[in-house]
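Read off the chains here:
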Amino acid sequence: MNLDGRTALVTGASGGLGQAIARALRARGASLVVSGRRADVLEALAAQVGGRAVVADLCDRAAVDRLAGECGDVDVLVANAGIPADGPVLEYSPEQIERALDLNLRAPLLLARVLAEPMVARGAGHVVFVSSLSGKVATANSALYSATKFGLRGFASGLRQDLAGTGVGVSCLFPGLISEAGMFHDTGLDLPGIAGGTRTPADVAAATVRAIERDVGEIDVATVPARVWATLGQVAPRLIAAMNARFGGTEIAAAIASSEAHRSKR
Ligand SMILES: NC(=O)c1ccc[n+]([C@@H]2O[C@H](COP(=O)([O-])OP(=O)(O)OC[C@H]3O[C@@H](n4cnc5c(N)ncnc54)[C@H](OP(=O)(O)O)[C@@H]3O)[C@@H](O)[C@H]2O)c1
């Protein structure tokens, strides 16, 4: 779908990847509705991209309904808001688990359900879910995050098939570790070479544009080693689990999860 003249809602637009996605959609001619919790960041972004800011806490179910109600006319939904939800699950309270499920999984599904209906009626639209390579392969310290991100993958794949022929496309993005801005960057950690390197928010934004304009179902936004690791993890999960334990993947995931930047978002 051509983005020029379309309207797009980007959730998590106050964050590292969301800001890059919003700017990239604007550069392709879309009008923006940017959503998140930090009103000051959203207002500044909205002023830069000439869009509208809607503050909504997507762990609050009434706020999800309100956002969906206010955005019924959008042509594009980019469901990008998310929290790391990493670390050992036994450290999580039931309430923290609910919050992760609400934000990372329930809100994207509900927004897609409500917003796709008028898109189908108009015969045009696109829904993008921002998953993660952790939505293809789980590691130690990723159980809860992976549960939400695997869930997005399954929902996106099924919804894409449900909506085939309606003019509404569905895509799922799988970023690996992203440098320069966003939840991994905020940890301040230096990655050892074994982790396979990073991509950038601009790469995620370019993939979002490509997904919409070319109606691509799934796109990895990750380095070649990370993509090989994810592919291997799907065909040989026991092998990749053993390799993570043997070659440092488990330690890297633990260091990221125990950073203050991630612990504070539980
Ligand atoms: N960065 C990476 O390396 C990476 C890799 C793979 C996948 N991802 C995925 O990419 C997406 C964006 O991540 P990011 O790196 O840009 O993270 P980020 O910089 O931490 O941004 C997260 C965004 O989610 C919003 N958010 C958090 N809690 C919310 C809530 N309760 N209600 C509404 N919005 C809420 C934040 O809004 P406020 O700050 O205004 O609260 C912010 O805009 C996430 O889904 C993440 O899982 C990121």
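Worth saying up front: this structure is predicted, and the values here are computed from it rather than measured.

Enquirer: Break down the environment of L77 for me, citing the residues and quoting the values.
Expert: Note on placement: L77 falls in strand β4 (residues 76–79). Classification of L77 by C-beta neighbours within 10 Å gives buried; the count is 26. Contact partners of L77, with chain neighbours within four places excluded, come to L9, L111, A112, L115, V127 and V128.

Enquirer: Can you explain helix α1 (residues 16–27)? Please cite residues and give values.
Expert: The end-to-end C-alpha separation of α1 is 17 Å, in line with the 16 Å expected for twelve residues at 1.5 Å each. Taken across its twelve residues, α1 has ten buried, putting it largely inside the fold. Along α1, the residues that are buried comprise G16, L17, G18, Q19, A20, I21, A22, A24, L25 and R26. Against β1 (7–10), β2 (31–36), α2 (39–49), β4, β5 (125–130) and α6 (201–214) lie the buried residues of α1. With its phi angle positive at about 100 degrees, G29 sits one or two positions after the end of α1.

Enquirer: Describe in detail the site of the ligand, supporting the description with residues and values.
Expert: Every one of the 27 residues lining the ligand counts as a neighbour, but G12, G15, G36, G82 and G182 are closest to it. By residue number, the principal contributor to the shell around the ligand is α1, which donates three residues. Of the residues assigned to the shell around the ligand, the class counts are 14 nonpolar, ten polar and three charged.

Enquirer: Explain unusual backbone geometry to me, and be specific about the residues and the numbers.
Expert: Phi angles above zero are rare outside glycine, and A85 is one such case at about 45 degrees. Along the chain, A85 turns up in the loop between β4 and α4 (94–122). A85 gets classed as buried once you count the C-beta atoms within 10 Å, which come to 28. The backbone of N141 sits at a positive phi, close to 80 degrees, despite the residue not being glycine. Examined against the element boundaries, N141 turns out to sit in the loop between β5 and α5 (143–162).

The rules behind each value
Residues numbered from 1 in each chain as written. Predicted model: local features only at pLDDT ≥ 70, side-chain atom pairs only at ≥ 80, totals over all residues. Helix = DSSP H or I, 4+ residues; strand = E, 2+ residues; numbered from the N terminus. Buried ≥ 20, exposed ≤ 12 C-beta atoms within 10 Å, placed from the backbone. Contact = placed C-beta atoms within 7 Å. Expected span 1.5 Å × (residues − 1). Near = placed C-beta within 6 Å. Nonpolar A, V, L, I, M, F, W, Y, C, P; charged D, E, K, R; others polar.

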